[in-house]
Amino acid sequence: MSDSDDWVIQQGDGPETIERKMGHRELARLERAARRHEFGRPEVTELEIGRTTHRVAEVEPMDVDGVRTMTVGTIAWGVVVLALLPFLGTLDEEGRTWWLWTAVAGFGLGLIGIEYCRRRRNALRMQPGRRRKGD
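What you see is a predicted model, and the numbers here were worked out from it, not measured in a lab.

Undergrad: I'd love a proper account of helix α5 (residues 97–126), names of residues and values included.
TA: With 30 residues, α5 ought to run about 44 Å at 1.5 Å a step, and its terminal C-alpha atoms sit 44 Å apart, in line with that. Within α5, the full set of buried residues consists of Leu100, Ala103, Gly106, Gly110, Gly113, Ile114, Cys117 and Arg121. For α5, the secondary structure elements touched by its buried residues are α3 (67–84) and α4 (88–93).

Below is the structure:
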């Protein structure tokens, strides 16, 4: 038996021998990977494109209507507007009032986006399955 065979797992190796050959970290990684499927996680397949191997999972797309995302973004732009207002004089002196106007535009467009997403969500609720057939 050569030194290179000392690290190869063979038929008949016991748990202690396998742990010595693989190492405890690799065993822990394999055990975590085996448990992943117990939690209802999707099966992962590997896809080779050229020299690169990608891991791909078969999952359904999330059914997100966008209202919460638009609301959070609009609130963030509103906070930026309020944070810049005390510095309006400084921004004007340095020629950076566009910062304030950018935040105002983001806030305004966010309000329009919230209404758009609300209407879209309500239309999808009235006709369930319309979205899936169009995709």
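Structure shown, so let's carry the discussion forward.
Undergrad: Explain the nonpolar core to me, using residue names and the numbers behind them.
TA: By size, the foremost hydrophobic cluster in this structure holds five residues: Val81, Leu84, Leu91, Leu100 and Ala103. Looking at this core, the elements that each hand over two or more residues are α3 and α5. Other than its neighbours up to four places away in sequence, Leu100 contacts Val81, Leu84, Leu85 and Leu88.

Undergrad: Got a sec to walk through a nonpolar patch on the surface? Specific residues and values, please.
TA: Taken together, the side chains of Trp77, Val80, Phe107 and Leu111 make up a nonpolar region of the molecular surface, amounting to roughly 330 Å² of accessible area. Looking at the nonpolar patch, the elements that each hand over two or more residues are α3 and α5. On the basis of relative accessible area, Phe107 is assigned to the partly exposed category, the value being 34%.

Undergrad: How would you sum up the packing of aromatic side chains? Please name residues and give values.
TA: Applying the stated criterion to the full structure yields one aromatic pair. Ring geometry for Trp98 versus Trp99: centroids 6.1 Å apart, planes at 90°, classification edge-to-face. Taking the relative accessible area as the measure of exposure, Trp98 reaches 52% and is therefore exposed.

Conventions we followed
- Residues numbered from 1 in each chain as written.
- Predicted model: local features only at pLDDT ≥ 70, side-chain atom pairs only at ≥ 80, totals over all residues.
- Heavy atoms only, no water.
- Helix = DSSP H or I, 4+ residues; strand = E, 2+ residues; numbered from the N terminus.
- Expected span 1.5 Å × (residues − 1).
- Buried < 20%, exposed > 50% of the residue type's maximum accessible area, 1.4 Å probe, protein only.
- Contact = heavy atoms within 4.5 Å.
- Core = buried A, V, L, I, M, F, W, Y, C linked by side-chain atoms within 4.5 Å.
- Patch = residues over 30% accessible without salt bridge, like charges linked within 9 Å, V, L, I, M, F, W, Y side chains within 5 Å.
- Areas by Shrake-Rupley, 256 points an atom, 1.4 Å probe, with all protein chains shown as cover.
- Salt bridge = Lys/Arg side-chain N within 4 Å of Asp/Glu carboxyl O.
- Phe/Tyr/Trp six-rings, centres within 6.5 Å; stacked < 30°, edge-to-face > 60°.

Function cannot be inferred from these measures alone, as they are strictly geometric.
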